[in-house]
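Close look at the chain arrangement
Residues per chain are reported as follows:
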Amino acid sequence: MLHTLWLHGSCECFERKKAPGPGVFFPAGSVRFIATTSTEENRTIRMPKKRKADDEASDGSKQAKTEGTEANKMPDDANTLDPNTDKKSASGEKWNFKISSWNVNGLRAWEKKDGLKYLTLDGPDILCLQETKCDEKSIPGSCTIDGYHNYWYAAEQAGYAGTGIMSKVKPLNVTYGIGCEQHDKEGRVITAEYDKFYLVTSYVPNAGKKLVRLAYREEWDKDFRNYLVDLDKKKPVILCGDLNVAHNEIDLANPKSNRNKTAGFTDQERQGFTDLLAAGFIDSYRHFYPQKTAEYSFWTYMMNARAKNTGWRLDYFVVSEKLKPNICDSVIRTKVYGSDHCPVTLFLTM
């Protein structure tokens, strides 16, 4: 079935394929667009002593060597993970729906590090994954789990970017990309429609080393915001994923040395996130914890950054203002290892 999607801004209208069903794999090439050359994505983290990041293999093999055994740990039980919350919604209701999001930095490497155990420990109704780095043939068979409907979206370039959704509840509809030719080649956005909301998971483009993709990132931010605003006119939106921005100084360990020098903490990227919130959305973590410090979701593999908690908060749940009465808590799973990111989780009453 073909659907025509109209978007505002610099995007053009074109036809997209509807997802045929659970367990589908939707390569970026199956969406109609013009292919262009992509730039390798890297996040260089500025520390007191400037060093270049190690190159990572597309399957995460080198990262597994550099991060050591600490990053391969997964909590032994749910009590260690502390997966639930006692907090209630503004109206006093307990949560009954849980969504988790995790940049796994290579689905195959994550699976080898027992990443799927997180589904058992946390038991999310929906798990969204970013930076899967997998084409259809490379997705581990173990990722097909009874009770979950899987949806995958790969980049044209092998071993790069990519997103996925594993959902206990079968969505009403699933689409891939945002309807913009220049953006829909890297497998960065999946949208799943449910009865009461749209769930959008995204791996937002990095501005790159020396900020070579910053201009493109600014275009992305504008077009992605327009896409989300259009969805929000139909029903509330839950956006989750690696949004590749530390919004405020409180959201990274070393703001002064990184400002306007490192991807993810330029004035332009931060303003893009501010503009998104001004369009009718809430940073759910800061809604509950406006002043909480030293809470991060990403740590470079270099210089023992995670042990020192020299990190960045790059992973978010951003929700429509309309959903404010439904959110109970938003947490960062710092005890969960297996990637250079940790999961984040949103608790709702629906």
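One can find the structure itself at the top, above this paragraph.
Now for a look at the structure at hand.

Basis of the calculations
Residues numbered from 1 in each chain as written. Predicted model: local features only at pLDDT ≥ 70, side-chain atom pairs only at ≥ 80, totals over all residues. Heavy atoms only, no water. 1 Å grid on protein atoms, 1.4 Å probe; cavity = no way out; pocket = protein on both sides within 12 Å on 5 of 7 lines; lining within 4 Å. Points joined across faces, edges and corners; volume = space filled by probe spheres on them. Helix = DSSP H or I, 4+ residues; strand = E, 2+ residues; numbered from the N terminus. Nonpolar A, V, L, I, M, F, W, Y, C, P; charged D, E, K, R; others polar. Phe/Tyr/Trp six-rings, centres within 6.5 Å; stacked < 30°, edge-to-face > 60°. Buried < 20%, exposed > 50% of the residue type's maximum accessible area, 1.4 Å probe, protein only. Lys NZ or Arg CZ within 6 Å of the ring centre and 35° of its normal. Salt bridge = Lys/Arg side-chain N within 4 Å of Asp/Glu carboxyl O. Polar contact = N/O pair within 3.5 Å; in protein donor to acceptor, adjacent residues only side chain to side chain. Contact = heavy atoms within 4.5 Å. Pairing = 2+ DSSP bridges.

A look at empty space enclosed by the protein
Under the counting rule described, the total for this entry stands at 2 cavities of 30 Å³ or more. Approximately 130 Å³ is the volume found for the largest cavity. Every residue lining the largest cavity is counted, 14 residues in all, and those nearest its centre are Asp221, Phe224, Gly272, Phe273 and Leu276. For the lining of the largest cavity, the secondary-structure elements that each account for two or more residues are helix 5 (214-232) and helix 7 (267-278). Ranked by residues supplied to the lining of the largest cavity, first place goes to helix 5 with 6 residues. Split into classes, the residues belonging to the lining of the largest cavity amount to 9 nonpolar, 1 polar and 4 charged. Size it by volume and the second largest cavity reaches roughly 50 Å³. Forming the boundary of the second largest cavity are Asp283, Ser284, Tyr285, Arg313, Asp315, Tyr316, Phe317, Ser330, Val331, Ile332 and Val344. Those elements giving two or more residues to the lining of the second largest cavity turn out to be helix 8 (284-288), strand 13 (315-320) and strand 14 (327-332). Among the residues making up the lining of the second largest cavity, the classes are represented as 6 nonpolar, 2 polar and 3 charged.

Details of the packing of aromatic side chains
Applying the stated criterion to the full structure yields 11 aromatic pairs. With a centroid separation of 6.1 Å and 70° between ring planes, the pair formed by Phe97 and Phe197 is classed as edge-to-face. Remark: Phe197 occurs in the loop between strand 9 (189-193) and strand 10 (198-203) and Phe97 occurs in strand 4 (residues 97-103); sequence separation between them is 100 residues. The two residues Phe97 and Phe197 agree in class, both being buried. When the ring of Tyr285 is compared with that of Tyr289, the centres are 5.1 Å apart and the planes differ by 40°; the resulting orientation is tilted. For the pair Tyr285 and Tyr289, a shared accessibility class is recorded, and that class is buried. Taken together, Phe97, Tyr194 and Phe197 form an aromatic cluster joined through their ring pairs. Here Arg306 stacks its cationic end above the ring of Tyr337, 3.9 Å away from the centre of that ring.

Here's the deal with the pattern of salt bridges
Inspection of the entire model under this criterion finds 16 salt bridges. When the shortest N-O distance is used, the salt bridge between Arg333 and Asp122 registers 2.9 Å. One end of the pair, Arg333, is in the loop between strand 14 and strand 15 (344-348); the other, Asp122, is in helix 4 (residues 117-122), and 211 residues separate them in sequence. Across the pair, Asp122 and Arg333 agree in class, each one buried. In this structure, Glu321 and Lys324 form a salt bridge, with 3.6 Å as the shortest nitrogen-oxygen distance. In this structure Glu321 comes out as partly exposed when scored by relative accessible area, which is 38%.

Considering the side chain of Thr85
With respect to the secondary-structure elements, Thr85 resides in the loop between helix 2 (78-81) and strand 4. Under the relative-accessibility criterion, Thr85 is labelled buried at 12%. For Thr85, the side chain forms a polar contact with the main-chain nitrogen of Lys87, separated by 3.2 Å. Not counting chain neighbours up to four residues away, the residues in contact with Thr85 comprise Trp95, Asp329 and Phe347.

Observations concerning the pairing of strand 13
Where burial is concerned, most of strand 13 is hidden: 6 out of the 6 residues are buried. Taken together, the 5 bridges between strand 11 (residues 237-242) and strand 13 define a ladder with antiparallel strand orientation. Opposite Leu239, over in strand 13, you have Val318 as the bridge partner. Two strands pair when backbone bridges link them, and strand 12 (residues 281-283) and strand 13 are joined in this way by 3 bridges, in the antiparallel orientation. Each residue of the ladder has a partner; that of Asp283, found in strand 13, is Val318.

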